[in-house]
Every structure is written in C-alpha cells, then in structure tokens.
Amino acid sequence: QQDQQADSELRAAQTALNNVPGTDRQNRPEYLRLRALIESGFNDMASAERDLKEAMRLAPNNLNIQLNYANLLWKTKRDQEALEAYRRALQIDGNNHAALTALGYLSRDLHDPASAEKYFLKLEEQYPKDYVAYFALGDLYTSQRQLDRAQASYEKAHELAPKNPLIVAAALNSAMDGPKH
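The rules behind the values
- Residues numbered from 1 in each chain as written.
- Predicted model: local features only at pLDDT ≥ 70, side-chain atom pairs only at ≥ 80, totals over all residues.
- Heavy atoms only, no water.
- Helix = DSSP H or I, 4+ residues; strand = E, 2+ residues; numbered from the N terminus.
- Buried < 20%, exposed > 50% of the residue type's maximum accessible area, 1.4 Å probe, protein only.
- Contact = heavy atoms within 4.5 Å.
- Areas by Shrake-Rupley, 256 points an atom, 1.4 Å probe, with all protein chains shown as cover.
- Core = buried A, V, L, I, M, F, W, Y, C linked by side-chain atoms within 4.5 Å.
- Phe/Tyr/Trp six-rings, centres within 6.5 Å; stacked < 30°, edge-to-face > 60°.
- Lys NZ or Arg CZ within 6 Å of the ring centre and 35° of its normal.
- Salt bridge = Lys/Arg side-chain N within 4 Å of Asp/Glu carboxyl O.
- Expected span 1.5 Å × (residues − 1).
- Arc of directions from axis to C-beta.

Talk me through the overall build of the protein chain; I want residue IDs and the actual numbers.
When helices and strands are counted, the protein chain shows 10 helices and zero strands. Beginning at the N terminus, the succession of helices and strands in the protein chain can be written as α-α-α-α-α-α-α-α-α-α. Expressed as a percentage of the 181 residues in the protein chain, the buried residues total 41%. A sequence separation of at least 24 residues applies to 44% of the contacts in the protein chain between residues at least 6 apart. Total accessible area computed for the protein chain in this model is approximately 10,500 Å², and 50% of it derives from carbon and sulfur atoms.

Right under this line is the structure:
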C-alpha cells in the first residue's frame, strides 16, 4: 500500500516536472536537481547522477545540489566519494546541519569514531537546542563502551525531545549496560 502510494506520488511529481521548462539557464540547475531526486526515487541512479553532475557544473556553489549528490553517493555505497562530497558541502556552509550529521554518521560507518565525534560535537555546538547531535553522540559513546558519556548525551537528547521513543529506548539500553548493572 505505501509502496503504491509512494510510486504514485513519484509519478505525479515526474509528470509535473515534465511540464516545467528546464532549458532556462538560470533555473536549469534546480530543474536538474529535482529531476535527479525523482530519478533516484525510481532507482535510476545513473540518470540521477548525470543530472546532479550537470547541475553542479552549472551551479558549483549550490548547497542543495551538493548535498543531494553526496546523498546519492552514500546511497550507492561509494562512501569515500560521499565523504568528500559532504566535505565540499561544508566548504559552502561550514555549519550545515545536514552535512555535519551525514559526516558524523558516515565517519562512524567507516570506523572513524574520532571524526564522527568531531562532526557530532560541532553539530552540538552549532545547534544546541536540537537533540540529533546528543542522540548521535550517545550512540557513538555506547558503541565505544563509554557508558557514562553515552548516558549524559542521551539524557540531554531526552531533555530536548522527551517523547521521542528512540531516545527513550537508547537511554534505557545504555543505562542497563552501565556500570551499576
């Protein structure tokens, strides 16, 4: 049911985009970016990548295009290339939430906890009222068996998003693994 609805929405977006002229040089990068998102939704990664590369060529400092390209690289399991693309996004906006978050998680996936921590701490510094950095740090510290630090991070995340079930569950798991148990 959900797959059919998503497919229907993608087709509607594709139809709407086909009615938008994509040849205007000023609007072409955004048109290509949107078309690439639809193509990737249909798992046509080669076409999506082609469109994003052209969009980046036309608008090299467009943060959204850079982030979409990095996401595509990560989705297609080209982790090192994705890492570089996210870093280029940070060159455009050094405090970008999406880039810092992705770099943290991607670094963690690449077994580089020091870099992951660096990105998550910067995210925490730039967005202190957002629970994401605290939750990510809690997960990172748990995986490193730094349970006191994990618990403190989860508590801060819970303070900021008390009804988020993932935070509650992670904090409970961390507490149960802690030295008192």
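Picking up where we left off.
Outline the nonpolar core, supporting the account with residue identities and numerical values.
Among the nonpolar cores identified, the biggest contains 32 residues, and Tyr69 and Tyr86 are the most heavily contacted of them. Broken down by secondary-structure element, the contributors of at least two residues to this core are helix H2 (28-41), helix H3 (45-58), helix H4 (63-75), helix H5 (79-92), helix H6 (97-109), helix H7 (113-126) and helix H8 (131-143). Ranked by residue count, the leading element in this core is H4, at seven residues. Leave out the neighbours within four places in its chain, and Tyr69 touches Glu49, Leu52, Lys53, Met56, Ala85 and Arg88. Formed by 16 residues, the second largest nonpolar core is a distinct cluster that contains Tyr105, Tyr134, Leu137 and Tyr154.

Account for the packing of aromatic side chains, with residues named and values stated.
By the definition in use, this model includes three aromatic pairs. Taken together, a centroid distance of 6.0 Å and an interplanar angle of 85° make the contact between Trp74 and Tyr86 edge-to-face. With Trp74 in helix H4 and Tyr86 in helix H5, the pair connects residues that are 12 residues apart, well separated along the chain. Under the relative-accessibility criterion, Tyr86 is labelled buried at 1%. Over the aromatic face of Tyr134 sits the side chain of Lys156, whose NZ or CZ is 5.9 Å from the ring centroid.

Any details on the pattern of salt bridges? Residues and values, ideally.
Counted by the stated rule, this structure contains 11 salt bridges. Among the salt bridges present, the one from Glu81 reaches Arg78, with a minimum N-O distance of 3.9 Å. We note a salt bridge from Glu159 to Lys156, for which the minimum N-O separation is 3.2 Å. In this pair, Glu159 and Lys156 are both assigned in helix H9 (residues 147-160), three residues apart and thus about one turn of the helix distant.

Which residues make up H9, and what are the values?
An α-helix turns once per 3.6 residues; consequently, residues spaced three or four apart project the same way. The first and last C-alpha atoms of H9 sit 20 Å apart over 14 residues, in line with the 20 Å expected at 1.5 Å per residue. Residues Leu147, Ala150, Gln151, Ser153, Tyr154 and Ala157 constitute the buried set of H9. Buried residues of H9 fall within an arc of 165° about the axis and therefore sit on the same side. For H9, exposure combined with an orientation more than 90 degrees from the buried face picks out Asp148 and Glu159.

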